Amino acid sequence: MAERKGRALVLAPMRGPGWELLNELADVVYEPAYEPAAEQRPFRLRPAADVARGLAETGATILVAEADEVAGPVFDHPLELVAVTRSDPGNVDVAAATARGIPVLCTPGKGADAVAELTVALLFAVARGVVAADRSVREGSVYAGGVTPYQRHRAWQLAGRTFGIVGLGAVGRAVWWRMDGLGMRVVACDPYAEGATHKLPELLNVADVVSMHAALTEETHGMIGDRQFEIMKDGAVFLNTARAELHDTGALASALSSGSLAGAGLDSGEPSHPLAGLPNVVLTPHIGGATFDAEADQAQLVAADIERLRRGELPQHCVNPEVFPAVPGAGPGRSS
């Protein structure tokens, strides 16, 4: 990579020491999908034509995007690299980038702690009925029907219960130690990860809480359906802070309505969500990674890899390492 500083078009929100480093490494043109200092600005993701136009207008040779489309006309420009602030750069035509010798960097695990913390929040919200209890106070129905809140909101403690993690990647590992700290027995299912000792049916049979953290692939799409909900323990809690497509929503609704599941917490809810009318469901609108710390983390990961390239070293998080000359014993690749 060149010794020259170069110009970077940054379309992803960034902050912190990594952001400061990135400004030292390149002349930055900052046009994020939303401005962290002005949250009222409408969110926008650019199609490839708009991204290409931005490159042409700024003369940038480094592109840092979030979920903007990086394909087609984008690669008509002389790019040194593309960095995407996602663990899986599905918005990038990686084949086109590779054909042109352009490395594509990513930011694996940048929001792991953020998503893990929301998993904890949803667990307590569901298991302890926090949302319903809050509503009863606001509506003045705490003693409705002469029933005390101690009667209405009794629940089992989480300590001593079994927490099942499906998918032991960066988020799954971040969830593990948090649940262990709550005094729960943690088990995991992941055919590709060390430390995951349970197969899925076995995990579903023993877990009081089943929490989804698997990547969405053809193999995992719809992996939790009628059969899987049937073999879960009666009164179990189901959490999904990963992707809604991992479970069958109709099957989940049936399990919740029948009472075989005690409740569910999903980070994929919208007002029209099919489960929005069920009282034992807590929904959040896909906010798992929405922390200022995640913006700082992704800035650090991107800047650190650009700095490595400036020093003539291989980046740590590159999805197409084949664009680099072969180095014996080296093989940077995608991290989980």
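Sequence order as written defines residue numbering, which begins from 1 separately in each chain. It should be noted that, the model being predicted, local features are given only for residues of pLDDT at least 70 and side-chain atom pairs only at 80 or more, the latter also being counted only at that level, while totals for whole chains, interfaces and linings use all residues. By convention in this description, side-chain values take in all heavy atoms of the structure and omit both hydrogens and water.

## Structural notes on the domain arrangement of the chain
Piece 1. The split of the chain into domains comes from an automatic or database domain assignment. Parsing the chain into structural domains produces domain 1 (7-106 + 291-323) and domain 2 (111-283).
Piece 2. Placing the centre of domain 1 and that of domain 2 at their C-alpha centroids yields a distance of 34 Å.

## What about the pattern of salt bridges?
It is possible for side chains of opposite charge to pair when their charged atoms get near one another.
Piece 1. Basic side-chain nitrogens of Lys or Arg form a salt bridge, by our definition, when they fall within 4 Å of a carboxyl oxygen of Asp or Glu. What the rule picks out here adds up to 14 salt bridges.
Piece 2. One salt bridge connects R178 with D113, and the closest N-O pair in it is separated by 3.2 Å. One end of the pair, R178, is in helix 7 (residues 170-181); the other, D113, is in helix 4 (residues 112-127), with 65 residues separating them in the sequence.
Piece 3. Exposure is judged per residue with a 1.4 Å probe applied to protein chains only, and the accessible area is read against the type maximum: over 50% gives exposed, under 20% gives buried, and values in between give partly exposed. Overall, R178 belongs to the buried group, its relative accessible area being 13%. Per the convention used, a helix needs a DSSP run of H or I reaching at least four residues, while a strand needs a run of E reaching at least two, with both numbered from the N terminus.

## Describing the UniProt feature "domain: D-isomer specific 2-hydroxyacid dehydrogenase NAD-binding" (unreviewed entry) in the chain
Piece 1. UniProt positions are given in the numbering used here, feature names are shortened, and annotations may be inferred rather than shown by experiment. On the UniProt side, "domain: D-isomer specific 2-hydroxyacid dehydrogenase NAD-binding" (unreviewed entry) is annotated at positions that read residues 120-288 here.
Piece 2. The span residues 120-288 shows a helical share of 34% and a strand share of 17%, and its end C-alpha atoms are spaced 11 Å apart.

## Quick look at the sheet that holds strand 4 (residues 81-84)
Piece 1. Taken in spatial order, the 5 strands make up an open sheet running 2-1-3-4-5, and their pairing is parallel. Each of the sheet's edge strands pairs with one partner strand only, and the pair in question is strand 2 (27-30) and strand 5 (104-105).
Piece 2. At least two bridges found by DSSP between two strands is the condition for calling them paired. Sheet topology places strand 1 (residues 7-10) next to strand 2; 4 bridges connect them, and they run parallel. Looking at strand 2, one finds that V10 is bridged to Y30.
Piece 3. Running at roughly 150° to strand 1, helix 2 (residues 48-58) makes contact with strand 1, strand 2 and strand 3 (62-65) of the sheet. Any pair of residues with heavy atoms lying within 4.5 Å of one another is described as a contacting pair. Helix axes are fitted only over the stretch in contact, all axes being lines through C-alpha atoms; the angle between N-to-C directions runs from 0 to 180 degrees.

## Details of the UniProt feature "domain: D-isomer specific 2-hydroxyacid dehydrogenase catalytic" (unreviewed entry) in the chain
Piece 1. The positions that UniProt labels "domain: D-isomer specific 2-hydroxyacid dehydrogenase catalytic" (unreviewed entry) are, in the present scheme, residues 65-320.
Piece 2. Helix makes up 35% of residues 65-320 and strand 14%, and the two end C-alpha atoms of the span are 17 Å apart.

## Quick word on the packing of aromatic side chains
Piece 1. Only Phe, Tyr and Trp rings are paired, with Trp represented by its six-membered ring, and only when their centres lie within 6.5 Å; those with planes under 30 degrees apart are stacked, over 60 edge-to-face, the remainder tilted. Per the counting criterion, the structure on display carries 2 aromatic pairs.
Piece 2. Between the aromatic rings of W19 and Y30, the centroid separation amounts to 4.6 Å while the plane-to-plane angle is 45°, which identifies the pairing as tilted. One end of the pair, W19, is in helix 1 (residues 16-25); the other, Y30, is in strand 2, with 11 residues separating them in the sequence.
Piece 3. Note on W19: relative accessible area 17%, which makes it buried.
Piece 4. An angle of 80° between the planes, with centres 5.3 Å apart, marks the rings of F229 and F238 as edge-to-face. Summarising the burial analysis for this pair, F229 and F238 share the class buried.

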